[in-house]
Amino acid sequence: MSWAKFIVGTTRMTGSLQTQIKITGMGCASCVGRVEGALLAASGVRAAEVNFATASADVTYDGSFSEVLSALKATGYPAATRQTRLSIDGMSCASCVSRIERTLKAIPGVTEATVNLASNSAMMTYVEGATDPATLARTLTETGYPAHPVDCGVPDPDDRADELASLRRTTLVAAALALPVFVLEMGGHLIPAFHHWVHAAIGLQTSYLIQFALTSALLIGPGRVFYAKGIPSLLRGAPDMNALVALGTGAAYLYSVLATFAPQLLPQGTANVYFEAAAVIVVLILLGRLMEARAKGRTGAAIRKLVGLQPKTARVERDGATLDRPLAEIVAGDIVQIRPGERIPVDGDVLDGTTYIDESMITGEPVPVGKAKGDPVVGGTVNGTGALRIRATHVGADSVLAQVIGMVEQAQGAKLPIQGLVDRITYYFVPAVMGMALMTVATWLIYGPAPALPLALVAGVSVLIIACPCAMGLATPTSIMVGTGRAAELGVLFRKGDALQLLQQARVIALDKTGTLTLGRPELEDVMTANGFDRADVLRLSAAAEARSEHPIASAIVRAGPAELPNPEEFESLTGLGLRAQVEGRSVLIGADRLMEQHNIDISDLQPKVQERAAKGATPIYVAIDGQSAAALTVSDPIKPGTAETLARLHAMGVTLAMVTGDNAQTAQALAEKLGIDHVTAEVLPEGKVEAIKALQHKFGTLAFVGDGINDAPALAAADIGVAIGTGTDVAIETADVVLMSGDLRGVANAVEISQRTMRNIRQNLGWAFGYNTLLIPVAAGALYPLGGHLLSPALAAGAMALSSVFVVSNALRLRRIQTSMPDIGDKAFRQEVAA
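Looking at an unreviewed UniProt entry, the protein chain carries the name P-type Cu(+) transporter, with the source organism given as Ruegeria halocynthiae. In its Sequence similarities (unreviewed entry) section, the UniProt entry covering the protein chain states "Belongs to the cation transport ATPase (P-type) (TC 3.A.3) family. Type IB subfamily." In its Subcellular location (unreviewed entry) section, UniProt records this for the protein chain: "Cell membrane".

Shown next as structure tokens:
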């Protein structure tokens with residue numbers, strides 16, 4: 001059903017909320033009454049009018065919007081939802097993330113919101129009609145976080161470059177202003193002779209005035225951002241990192257101003273200036289943000305690399321001419337020419353030409369893939385030495401590359417379960433730090449040695465500055481961005497957020513057989529002749545007879561035969577038994593042992609070898625020529641290259657392996673013994689696979705299922721983590737949590753290893769972030785003062801805080817260098833297996 005797209009939004013009328021909701025699932029006018037009845041029965045709904053023509057409902061309600069949505073879903077007519085991404089300015093720490101998420105989720109119509117500090121963006125799912133991206137952005141902007149909708153989650157490289165250049169200029173100006181202040185104040189402490197020179201040359205008061213002028217210029221100029229964002233957040237009762245910096249530097253600055261211009265108002269002996277603390281704090285935090293921004297810029301490198309794969313133009317045939325046109329103008333059905341060495345601009349099917357194409361950036365496999373007429377090609381891959389003409393099949397957002405980018409963006413913006421605890425802590429962390437700073441000041445004023453006031457000021461400012469929760473907020477999202485980006489480069493796509501965390505918890509991995517462990521295409525394994533028949537002659541006659549059959553086993557025999565085959569004079573298919581044919585005047589009978597028994601053909605000489613092969617999973621086919629037993633052909637589904645190594649690696653990781661298949665038990669058991677699989681469930685229907693999955697989950701715990709076909713979709717959905725082979729069906733891929741872009745099963749081990757390493761990296765980051773605050777807040781408050789008479793300088797606190805964030809991002813960037821322990825899928829042995 002297609003309907004006009006328009007947004008009404010949510011408005012308040014006479015104390016109630018009125019909204020329009022797009023409805024899905026209405027197939028006829030009779031659905032209107034059911035939908036209206038469901039809405040009116042929902043708690044708090046005062047009125048509801050459903051329009052079948054526009055597939056929408058106007059609802060007036062007093063209660064919770066979620067109850068309205070639940071009523072629609074329960075009735076079978078769920079609200080239509082859309083996803084959008086907002087780019088957000090002004091986020092500085094983890095507390096901002098929690099605050100923004102709560103703001104977005106409070107907007108009627110928003111069903112899900114995930115904010116990513118590392119990419120300064122938010123991904124939301126909202127009910128179509130109830131709100132729209134512009135409204136979401138406007139609401140967020142009004143709360144103090146300027147936002148705007150974006151079509152793509154990848155920041156424009158020019159925008160990022162401009163942002164870094166601006167931040168670099170601001171930091172340099174701040175450093176130039178702070179350096180003389182630092183030298184004038186701290187130089188005298190470090191070098192007594194310099195202190196005496198300042199007193200003799202310009203005088204102490206003049207020194208204070210110079211420091212005041214330079215620090216004022218610094219705070220009004222480069223440091224203005226902290227006050228412009230921090231003070232409003234304080235007034236809203238939702239303080240963030242900027243508020244901590246504004247309070248800390250403001251306290252040091254105002255105290256110093258008082259000491260400079262009205263020292264008589266302070267207790268005797270306490271009129272000291274701390275201009276250098278305020279100035280250096282601003283410089284160090286700006287420097288930290290610059291380093292953090294540069295590091296964060298590298299976390300999205302994987303997506304930018306994928307975006308850069310698509311050429312800007314394509315050479316298209318139109319109206320008898322060949323023109324270079326912008327990619328946006330290419331439509332499905334266009335004929336596109338591709339020259340040697342060029343990138344394929346769009347997805348399509350080859351019309352003319354042969355070549356080899358490097359698909360490594362999509363599949364992770366460096367082995368070039370041969371292409372000829374009728375073969376599909378993927379946009380963004382690199383053509384080899386041949387020229388091609390292709391017919392465009394998928395362009396724009398429908399292309400494989402666009403879908404891969406979308407999957408990676410979705411994974412990078414995901415919020416793992418482990419992040420929930422972090423968000424709850426950081427939401428209350430900044431107010432708690434402000435409370436600790438006040439307690440620190442009060443404790444020093446009450447119990448501190450004289451002069452207590454400056455000591456209390458130093459300790460309080462240090463607590464405010466050192467405890468910024470930036471590292472906490474960056475710990476998880478930066479690792480996710482880098483880890484999922486690296487996974488995409490290796491051909492592993494995490495489609496759903498919690499899969500990254502759950503996969504490393506998997507205790508058992510269940511695998512489908514056909515198309516997953518095996519190629520899914522029978523191949524002739526052996527020809528065992530009898531009664532003096534020649535092998536080549538038997539294979540030629542058998543292939544000629546089977547050429548008329550469409551059975552997969554017949555195709556395997558034909559592929560194994562010679563290129564030139566004689567035409568059968570007669571052909572008869574014997575349902576359930578085999579076939580009879582006349583080839584070159586000779587009678588050929590091919591089929592199961594039952595067929596040979598019916599025609600009284602003795603196959604006893606062949607049966608010992610056949611039974612031996614059958615025990616290993618092969619399927620026997622008997623051939624009789626002119627009424628005499630001629631040969632037994634054994635056909636099997638070959639194991640995929642790399643499967644044995646993959647399963648051995650998974651075993652080494654401590655994972656239990658299971659096979660769940662609809663194939664016969666003997667074949668499945670033989671394959672399991674060959675590959676070292678621990679548990680086998682065979683001869684099951686698709687619904688039986690779900691029961692088998694549940695039984696394994698009950699016995700072992702968290703389970704991942706690997707499959708590729710339509711019949712695997714229920715099992716993929718039932719598993720804790722569904723892993724789809726990318727060469728499988730669209731249904732399987734859409735159901736899965738993780739997609740392997742290539743058909744190589746080694747991607748499963750790579751996916752598990754990436755999951756383990758990413759989660760280990762996240763735990764390292766969180767351990768550092770929480771450990772840093774746990775250890776250094778007491779130090780900043782003065783816990784070490786009784787031991788040596790020293791307090792942590794606010795400037796050092798600012799440096800430590802900035803370095804903690806840089807450490808977290810730098811640690812996450814190590815994931816870019818992940819080299820999985822599985823053998824390279826492009827190695828020589830693998831290429832030989834593929835060629836064979």
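On we go from here.
(A) How the structure looks around the sheet that holds strand 27 (residues 679-681). Spatial strand order, 18-30-29-28-19-26-27: 7 strands in an open sheet with mixed pairing. A strand with exactly one partner marks an edge of an open sheet, and here the two such strands are strand 18 (492-494) and strand 27. Direction aside, neighbouring strands of the sheet carry axes that sit 20° apart on average. In this structure, strand 18 lies alongside strand 30 (residues 738-740), joined through 3 bridges in antiparallel fashion. If you follow Phe494 over to strand 30, its bridge partner there is Val738. Helix 28 (residues 746-781) rests against strand 18, strand 19 (508-511), strand 28 (703-707) and strand 30 of the sheet, and its axis sits at about 50° to strand 18.

(B) Region of the structure containing the pairing of strand 17 (residues 388-394). Direction of pairing for strand 11 (residues 335-338) relative to strand 17: antiparallel, over a ladder of 4 bridges. Opposite Val336, over in strand 17, you have Ile390 as the bridge partner. The pairing of strand 12 (residues 347-352) with strand 17 spans 5 bridges and is antiparallel. Bridged to Asp352 within strand 17 is Arg389.

(C) Here's a closer look at the packing of helix 16 (residues 470-489) against helix 28. Contact geometry of helix 16 with helix 28 gives a least axis separation of 9 Å together with a crossing angle of 165°. Here helix 16 lies roughly antiparallel to helix 28, going by the angle between them. Handedness of the crossing formed by helix 16 with helix 28: right-handed. Along its contact with helix 16, which presents Ala471, Met472, Ala475, Thr476, Thr478, Ser479, Ile480, Gly483 and Ala487, the element helix 28 presents Ile754, Thr758, Asn761, Ile762, Asn765, Leu766, Ala769, Phe770 and Asn773. Classifying every residue of the contact of helix 16 with helix 28 by side-chain character gives 10 nonpolar, 8 polar and no charged.

(D) Structural detail: the packing of helix 15 (residues 452-466) against helix 28. In contact at an axis separation of 8 Å, helix 15 and helix 28 are set at 165° when each is read in the N-to-C sense. As the angle between them shows, helix 15 and helix 28 are arranged roughly antiparallel. Considering the relative orientation of helix 15 and helix 28, their crossing is right-handed. Side by side, helix 15 and helix 28 meet where Ala459, Ser462, Val463 and Ile466 of the first sit next to Tyr772, Asn773, Leu776, Ile777, Ala780 and Ala781 of the second. Considered class by class, the residues forming the contact of helix 15 with helix 28 number 8 nonpolar, 2 polar and no charged.

(E) Broad picture of unusual backbone geometry. At Asn531, a residue that is not glycine, the phi angle is positive and equals roughly 55°. Topologically, Asn531 is positioned in the loop between strand 20 (523-529) and helix 19 (535-546). One non-glycine residue with positive phi stands out, namely Asp626, at about 55°. Within the secondary structure layout, Asp626 lies in the loop between strand 24 (619-625) and strand 25 (628-636). Under the relative-accessibility criterion, Asp626 is labelled partly exposed at 44%.

(F) Structural detail: the UniProt feature "transmembrane region" (unreviewed entry) in the protein chain. Per the UniProt entry, the sites bearing "transmembrane region" (unreviewed entry) are residues 170-191, 197-220, 241-261, 273-291, 425-447, 453-476, 766-785 and 791-813 in this numbering. For the annotated span residues 273-291, helix accounts for 89% and strand for 0% of the residues, and the straight-line distance between the end C-alpha atoms is 30 Å.

(G) Seen up close, the sheet that holds strand 24. On the basis of which strands lie adjacent, the open sheet formed by 6 strands has the order 20-25-24-23-22-21 and antiparallel pairing. The open sheet terminates on both sides in strands that have one partner only, identified here as strand 20 and strand 21 (570-574). Averaged over neighbouring strand pairs, the angle between their axes works out to 20° when direction is ignored. Pairing of strand 20 with strand 25 involves 6 bridges; the strand directions are antiparallel. Note that in strand 25 the partner of Val527 across the bridge is Leu633. Along the sheet, helix 20 (residues 552-560) makes contact with strand 20, strand 24 and strand 25, crossing strand 20 at roughly 70°.

How each quantity is defined
Residues numbered from 1 in each chain as written. Predicted model: local features only at pLDDT ≥ 70, side-chain atom pairs only at ≥ 80, totals over all residues. Heavy atoms only, no water. UniProt positions renumbered as here; feature names shortened; annotations may be inferred. Pairing = 2+ DSSP bridges. Helix = DSSP H or I, 4+ residues; strand = E, 2+ residues; numbered from the N terminus. Axes fitted to C-alpha atoms, helices over the stretch in contact; angles between N-to-C directions. Contact = heavy atoms within 4.5 Å. Parallel < 35°, antiparallel > 145°, perpendicular 65-115°, else oblique. Left-handed = near helix turned anticlockwise from the far one by under 90°. Nonpolar A, V, L, I, M, F, W, Y, C, P; charged D, E, K, R; others polar. Buried < 20%, exposed > 50% of the residue type's maximum accessible area, 1.4 Å probe, protein only.

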